[in-house]
Structures are given as structure tokens and as C-alpha cells.
Amino acid sequence: MNRQTFIWGHSGSRIRRTQRWVERMWVFSLLLAALLLFCINLDSPPLLNGGEQTVNQVARELSSTPWASWQWFYPTFSDQSYVEEPPLLYWLIALAYKTGNDSTLMTRLPTALLSVLSVPLFYGIGREIFPSRQNALFSSFIYLTVLPVVQYGRLAILDSTVLCFVMLMMVCLLRSRRDFRWSLGAGIGFGLICLTQGIGLGFVLLAIGFIFIAWDTPRLLRSGYWWLGWVLGIIPALVWYTLPWVYSQGFLTANLVKESLQPFWHSVEINRTLKSDYDYLLELLKFSVPWLLFWSYGLGLAWNNRNWGWAKFVLVWTGVYGGAVCLMAFPLPEYSLPLYPALALAGGAQLTAVWNLPRSQSYPRLWIFGLSFMSLGAIAATIYLVLEASQSLFPVVSSSVALTLAIAAILVARRDLQFIFILFWGMYVSLLLLMTSPHWIVS
């Protein structure tokens, strides 16, 4: 008889192939959605005064030097040594200039592409810490539709460039719990962070990773193979930070202290005011619409489930980085970028919990009132912009946001789970409309 009696192995193989195909489809879909959102209309408006124009000047001087020049290792600004910031972003933009030309599009393109890559990497984080794909997808959709992540991710600045490397370090750190070899990728991610924005941010994020591992998987801290991966991964960054002590006597003060650590310890010398904290908190809340309604509940859910790995990860990331920002003398809005991934994970967990609730259970009234209030604010903004006879797309964008929030509020009141998809799709379309405008850099 040639008839197959047992088909368990065959069925399991087919299921695994189907799961891999579905996984690749979601990764490709997220990548495509991010590519459109981050890369459309990049060449308008012109480069911003200060940060972007400085980056453009340093990268332009770098692209005009020979490959074997020492200047590639330590760039210059106006023919003066520029060691205040690590060179990775300038390397990428200079390579873009050599490939294409010196233009606004090529200046912002490397940062935009790294921001695109951060989305599937963030999805990988969700797949590592959550028990289901739904959690990871909901979190990724939130991350993709947060205004500061998209807005700053399109600019040629250090704060947005580093976000991709943060995702790389975290996803490799989480995977190293199952395979020690992934600690090499975590070390590389940490090194890239230090080569982009300095050791100050790098050590804050490293503290997040180590505190989480000490809480969740302490056995890794006793593994020599795990530590070896970290050491090998940070060697390139270690070389760049070590050699200048011979090359330039002022490097230690200019880079390690002034630029990397001063935002943290400078607050000891400056009398902070409530206004600076209030303004920062207001910026965080204003640009988190509408997801701030779900983040607070997600953090509460994480606290109630703090024995789970995902909850530990969210609580440690939010607590450590949020505390670090509070210690800064004058926190800028872009400093909060590494905080949004943790909040997106919390929001995704909360939305998944709502999805699995019994249909008879009502949702928090705060969600109805909050979405309604935000919708009224968007309507008021639309009326104001129309009366001002604005020629931009801002009235269209605000109308899209108002319609999205109003429909979501109605669906929440009716206990209809479709409000989740309305929010995701409506916010994505609204951001896409905003990015097609020449005034997408809003404040």
C-alpha cells in the first residue's frame, strides 16, 4: 500500500509555509505603506535653517573629498574640524551626493529610507514580545501614524536617523533571549546609535535593554557568548571614539561631554522652570492625537500584567527614557522620538485587549468624550483655515482628521470594533494628505 497513513508532518509543514507567507505579506505591506508616507514630496519645503543646513554643509564638504582622505573619518564644517557630532549621518548623505546630486531630496532621502526601515523592525519587536500577530500589527499601525515620527522621520536630522538603529538594537536584543548570536546585532545597533547621536542617548537606551534583561531573562547576563556579541558589535564605534584622543585633544570635551552628556547634567546648573516642562508635555500630548487616549490605558494594562515580558519591556522603556527626558535641562520635541515606540506598544496591547473583549462590554467613556472633543477641535481648525482663505491643503487635512475622529467616536459609543480600523486608515490618509502639502513641517 502506498497510501499515506500519517499526515501530521505534511500538515505542519504546510501551516508553517502559510504562516511564513502571511508574515512576509504583512512586512511587505508595512514597508510599502511607510515608503509612500515617508518619501512622498521630500524636496518641499527647502532645508530648515540650523540643523538641516548644517548637515547639508558638512555632507557637501565631505562628498568633495577623496575616499582615502582622513576627513571621511572626521568631517569638517567650513574647513574646520567638526567633532561635535558623530559622522554616520554625514557619511550617508555624502554617499547620496556622490550617487546623485546636492539637492534637498538627496539630503533627506537617507534619513527617510532609514525611517521606512524602522517600521518593519518595529513590527519585529512586536512579534518578539507579544503572543499574537494582532498585537504587533496594531502597535505598528499606531507607530506609523504618529505625527512626530513621520514628520521628523522625513527631515535630515540626527534625532530621526537614530530611531531606525534603536529598533535594530531592541529587536536583536529580544531575539538574543532565544539565540545568543543575535547579541552581535544588538551590539551593532548600539554602536550605530553612538555613531549617529552620541554616547549619551546610546547609554540611556543601553540601560533600557539591560534593565529589561535583568528583570525578564537574567541568565543572559551570566553568558560569556552573549557579552562577546555585544563587544564585537560595538568595535566600529569604539574605534571612532578612541582614535581622536590622539588626533584631537579637544575631542573629549567637544563630543563626549558637551554634545553627548550635557543635555543630562546641564540641568543641575540651570534653574529649570515649570514652563519648560509644561511646554514639553503639551507638545507631547498635542502631537499624539488620537493615540494618547489608548496609551494611558495601555500603560495601566502593562502594569497590571507586569509579570509578562511585553509588559516589562514597555514599562522599562517608558520609565527609563521618560525619566531621562525629565532630567534634561531644556527637552526639545524631537527628544521624545525614542519614547513613541514604547507608547505605541502599549497602545497596541490595549487595542488588542479591546478587540478580545465580550461584545456586551462597554468601552471607557473617556474615549467617547476624548474623540468627540478632538473632532470638534479639528472642525474648528477647518473653519478657521477656510476663513483665512488658506491656499494649502491644511483645510482638507483637518477635515479628514475631523471626519475620522467623529466616525470613531460614534463607533465607540455603539461598541463597534470597526473604530480601530477607522482610526488607522483615517489617520494614515490624513498624514498622507499633509505630506503632499509643501507645508508638512508643522509646529
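Below you will find a few notes about this structure. (Residues numbered from 1 in each chain as written. Predicted model: local features only at pLDDT ≥ 70, side-chain atom pairs only at ≥ 80, totals over all residues. Heavy atoms only, no water.)

## What about the overall build of the protein chain?
A count of helical and extended segments in the protein chain gives 20 helices and 2 strands. Of the contacts formed within the protein chain by residues at least 6 apart in sequence, a portion of 76% connects residues at least 24 apart. As presented, the protein chain carries roughly 21000 Å² of accessible surface, and 66% of it is formed by carbon and sulfur atoms. (Helix = DSSP H or I, 4+ residues; strand = E, 2+ residues; numbered from the N terminus. Contact = heavy atoms within 4.5 Å. Areas by Shrake-Rupley, 256 points an atom, 1.4 Å probe, with all protein chains shown as cover.)

## Quick notes on the packing of helix H4 (residues 104-129) against helix H7 (residues 158-175)
A pair of packed helices is characterised by two quantities: the angle between their axes and the separation of those axes. Two elements in contact, H4 and H7, have axes whose closest approach is 8 Å; the angle formed by their N-to-C orientations is 25°. Here H4 lies roughly parallel to H7, going by the angle between them. The chirality of how H4 crosses H7 is left-handed. Residues Thr111, Leu114, Ser115, Leu117, Ser118, Leu121, Phe122, Gly124, Ile125, Glu128 and Ile129 of H4 touch H7, and the partners they reach there are Ser160, Thr161, Leu163, Cys164, Phe165, Met167, Leu168, Met170, Val171, Leu174 and Arg175. Residues that form the contact of H4 with H7 fall into these classes: 14 nonpolar, 6 polar and 2 charged. (Axes fitted to C-alpha atoms, helices over the stretch in contact; angles between N-to-C directions. Parallel < 35°, antiparallel > 145°, perpendicular 65-115°, else oblique. Left-handed = near helix turned anticlockwise from the far one by under 90°. Nonpolar A, V, L, I, M, F, W, Y, C, P; charged D, E, K, R; others polar.)

## Let's talk about the pattern of salt bridges
Going through the model one piece at a time under the given rule, you end up with 9 salt bridges. With a shortest N-O distance of 2.9 Å, Glu23 and Arg127 are connected by a salt bridge. Residue Glu23 is found in helix H1 (residues 8-39), and its partner Arg127 is found in helix H4; the two are separated by 104 residues along the sequence. For Glu23, a relative accessible area of 18% puts it in the buried group. Here Arg178 and Glu128 are joined by a salt bridge, their closest N and O atoms 2.7 Å apart. (Salt bridge = Lys/Arg side-chain N within 4 Å of Asp/Glu carboxyl O. Buried < 20%, exposed > 50% of the residue type's maximum accessible area, 1.4 Å probe, protein only.)

## A short note on the packing of helix H15 (residues 292-304) against helix H16 (residues 309-327)
Direction vectors running N to C along H15 and H16 enclose 120°, while the axes themselves pass 8 Å from each other. The angle between the axes of H15 and H16 places the two elements in the oblique class. Like other packed secondary-structure pairs, H15 and H16 cross with a definite hand, here left-handed. Contacts between H15 and H16 pair Leu299, Leu301, Ala302 and Trp303 from the former with Trp310, Ala311, Val314, Leu315 and Thr318 from the latter.

## What to know about the nonpolar core
Residues Met170, Leu205, Trp291, Phe313, Tyr321, Leu351 and Phe419 are the most contacted members of the largest nonpolar core, which totals 125 residues. If one sorts the elements of this core by residue count, H7 sits on top with 13 residues. Those residues in contact with Phe419 that lie beyond four places of it in its chain are Phe294, Leu351, Val354, Tyr363, Trp367, Ala408, Leu411 and Val412. (Core = buried A, V, L, I, M, F, W, Y, C linked by side-chain atoms within 4.5 Å.)

## As for a positive patch on the surface
On the surface, Arg16, Arg17, Arg20 and Arg24 cluster together to form a positively charged patch. Structurally, the position occupied by Arg24 is in helix H1. With relative accessibility at 60%, the residue Arg24 sits in the exposed group. (Patch = residues over 30% accessible without salt bridge, like charges linked within 9 Å, V, L, I, M, F, W, Y side chains within 5 Å. Lys, Arg positive; Asp, Glu negative; His and termini not counted. Charge placed at Lys NZ, Arg CZ, Asp CG, Glu CD.)

## Here's the deal with the side chain of Asn135
Following the sequence through the fold, Asn135 ends up in helix H5 (residues 133-144). Residues in contact with Asn135, not counting those within four places in the same chain, are Phe130, Gly348, Ala349 and Thr352.

## What about the packing of aromatic side chains?
Counted according to the given criterion, the structure contains 26 aromatic pairs. Ring centres of Trp240 and Tyr241 lie 4.9 Å apart, and the angle between their planes is 85°; this geometry places the pair in the edge-to-face category. Considered together, Trp240 and Tyr241 belong to a single accessibility category, that of buried residues. Geometrically, the ring pair formed by Phe313 and Trp317 is edge-to-face, given 5.4 Å between the ring centres and 80° between the ring planes. You can see Phe313 and its partner Trp317 sitting in helix H16, 4 residues apart, about one turn around the helix. Classification of Phe313 by relative accessible area gives buried; the value is 0%. We classify Trp317 as buried; its relative accessible area is 0%. Site record: aromatic cluster; members linked through ring pairs are Trp26, Phe138, Phe141, Trp291, Phe294, Tyr297, Trp355, Tyr363, Trp367, Phe419, Phe421 and Phe424. One Lys or Arg, Arg154, reaches over the ring of Trp440 and ends 4.3 Å from the middle of that ring. Over the aromatic face of Trp182 sits the side chain of Arg175, whose NZ or CZ is 4.9 Å from the ring centroid. (Phe/Tyr/Trp six-rings, centres within 6.5 Å; stacked < 30°, edge-to-face > 60°. Lys NZ or Arg CZ within 6 Å of the ring centre and 35° of its normal.)

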